Amino acid sequence: MSGFEDRAQATVEMAVVAPVMIVVALIVYNLMLFLAATARFDRMAPDIVIAHGVSPVGGEAASAAAAAASVEDELRRAMGPYPVEVEVALEDGSGQDDGPLLSLVGSLRTYTCTMRYAPWPQGLEIAGASLGAPAQLSHIRAVTVDPWRPGVVV
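Residues numbered from 1 in each chain as written. Predicted model: local features only at pLDDT ≥ 70, side-chain atom pairs only at ≥ 80, totals over all residues. Heavy atoms only, no water.

**Q** Help me understand the overall build of the protein, please; the structure alone is not making it clear to me.
**A** Summing up its helical and strand segments, the protein has 2 helices and 5 strands in all. In the protein, the succession of α and β elements from N to C terminus is α-α-β-β-β-β-β. For the protein, long-range pairs separated by at least 24 residues make up 63% of all intrachain contacts whose partners lie at least 6 apart in sequence. If you sum the accessible surface of the protein, you get close to 10,000 Å²; carbon and sulfur atoms cover 63% of it. (Helix = DSSP H or I, 4+ residues; strand = E, 2+ residues; numbered from the N terminus. Contact = heavy atoms within 4.5 Å. Areas by Shrake-Rupley, 256 points an atom, 1.4 Å probe, with all protein chains shown as cover.)

Next comes the structure, spelled out in structure tokens:
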């Protein structure tokens, strides 16, 4: 009879351990995907800001909005295989009161690139219990460039 008891004990242990192992595997999967996306984002953001943000298409009046939109579009395209959201904000240092002479000289521009990742599964509900991940992971990369010296990251 002890053979049947050993098999039954192994079945119960497996029933207890399997859900825990599935949850651990999902956490590891999401963490690895986020880390890979973060590494790609950190490599691509400065290159894209240098290529598209320093001297955007159009005149000086449309440059701030056009530059941020161009950088955001290119970052989205570069992050294609990863399920992330990309947002770019541009801070122009022209709001500082440096006097009339320095207002003629272009100030440094800081592009704040934000990547958001929603872990999988999202919105999964079984028998009224929510099993999805409750939050988003985000990563921010700020790149400061000088509009008067193309290719220079500060």
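**Q** Explanation requested: the pattern of salt bridges in the structure shown.
**A** Side-chain pairing between opposite charges can occur once the charged atoms of the two side chains come close. Under the counting rule described, the total for this entry stands at 5 salt bridges. Among the ionic pairs, Arg77 bridges to Glu74, the shortest N-O distance being 2.7 Å. Within this pair, Arg77 and its partner Glu74 are both found in helix 2 (residues 63-78), separated by 3 residues, close to a single helical turn. Assessed through its relative accessible area of 59%, Arg77 is described here as exposed. Salt-bridge contacts for Arg116 lead to Glu87; the nearest nitrogen and oxygen are separated by 3.2 Å. Placement of the pair is Arg116 in strand 2 (residues 109-117) and Glu87 in strand 1 (residues 84-92), with a sequence separation of 29 residues. (Salt bridge = Lys/Arg side-chain N within 4 Å of Asp/Glu carboxyl O. Buried < 20%, exposed > 50% of the residue type's maximum accessible area, 1.4 Å probe, protein only.)

**Q** What is the right way to read the environment of Gln136 from this model?
**A** Residue placement: Gln136 occurs in the loop between strand 4 (129-130) and strand 5 (137-145). Here Gln136 is in contact with Glu85, Arg116, Tyr117, Ala118 and Pro119, once residues within four sequence places are set aside.

**Q** Honestly, a nonpolar patch on the surface in this entry has me stumped. Any pointers?
**A** A contiguous nonpolar patch, built from Val20, Val24, Val28, Leu31, Met32 and Leu35 and spanning about 520 Å² of accessible area, is present on the exposed surface. Mapped onto the fold, Val20 is located in helix 1 (residues 2-53). (Patch = residues over 30% accessible without salt bridge, like charges linked within 9 Å, V, L, I, M, F, W, Y side chains within 5 Å.)

**Q** Would you explain the environment of Tyr117 in this entry?
**A** Tracing the sequence through the fold places Tyr117 in strand 2. Accessibility expressed as a relative area gives 2% for Tyr117, which makes it buried. If we ignore the near neighbours within four places in the chain, the residues touching Tyr117 are Asn30, Leu33, Phe34, Pro83, Val84, Gln136 and Leu137. Within the local environment of Tyr117, its side chain forms a polar contact with the side chain of Asn30, the two groups lying 2.8 Å apart. (Polar contact = N/O pair within 3.5 Å; in protein donor to acceptor, adjacent residues only side chain to side chain.)

**Q** Where do I start with the nonpolar core in this structure?
**A** In a soluble, globular protein the nonpolar side chains are often hidden away together inside. The biggest cluster of nonpolar side chains holds 23 residues, and the ones touching the most others in it are Leu75, Val88, Tyr111 and Cys113. Counting residues per element, this core draws most heavily on helix 1, at 7 residues. Look past the residues within four positions of Cys113 in its chain and what remains in contact with it is Phe41, Ala45, Val49, Leu75, Glu87, Val88, His139, Ile140 and Arg141. (Core = buried A, V, L, I, M, F, W, Y, C linked by side-chain atoms within 4.5 Å.)

**Q** Sorry if this is basic, but what is going on with the side chain of Asn30 here?
**A** Here Asn30 shows up in helix 1. Apart from residues lying up to four places away in sequence, Asn30 is in contact with Tyr117, Pro119 and Trp120.

**Q** Would you mind showing me how to read the side chain of Thr114 here?
**A** Checked against the element boundaries, Thr114 lands in strand 2. Taking relative accessible area as the criterion, Thr114 reaches 10% and is therefore assigned buried.

**Q** Explain the pairing of strand 2 here, please?
**A** Regular strands place their side chains on alternate faces of the sheet. Strand 2 sits mainly inside the fold: 8 of its 9 residues count as buried. For strand 1 and strand 2, the ladder comprises 9 bridges, and the chain directions are antiparallel. Within strand 2, the residue paired with Glu85 across the bridge is Arg116. Of the strand pairs in this sheet, strand 2 and strand 5 are connected by 9 bridges, and their pairing is antiparallel. Its bridge partner being in strand 5, Thr114 is matched across the sheet by Ile140. (Pairing = 2+ DSSP bridges.)

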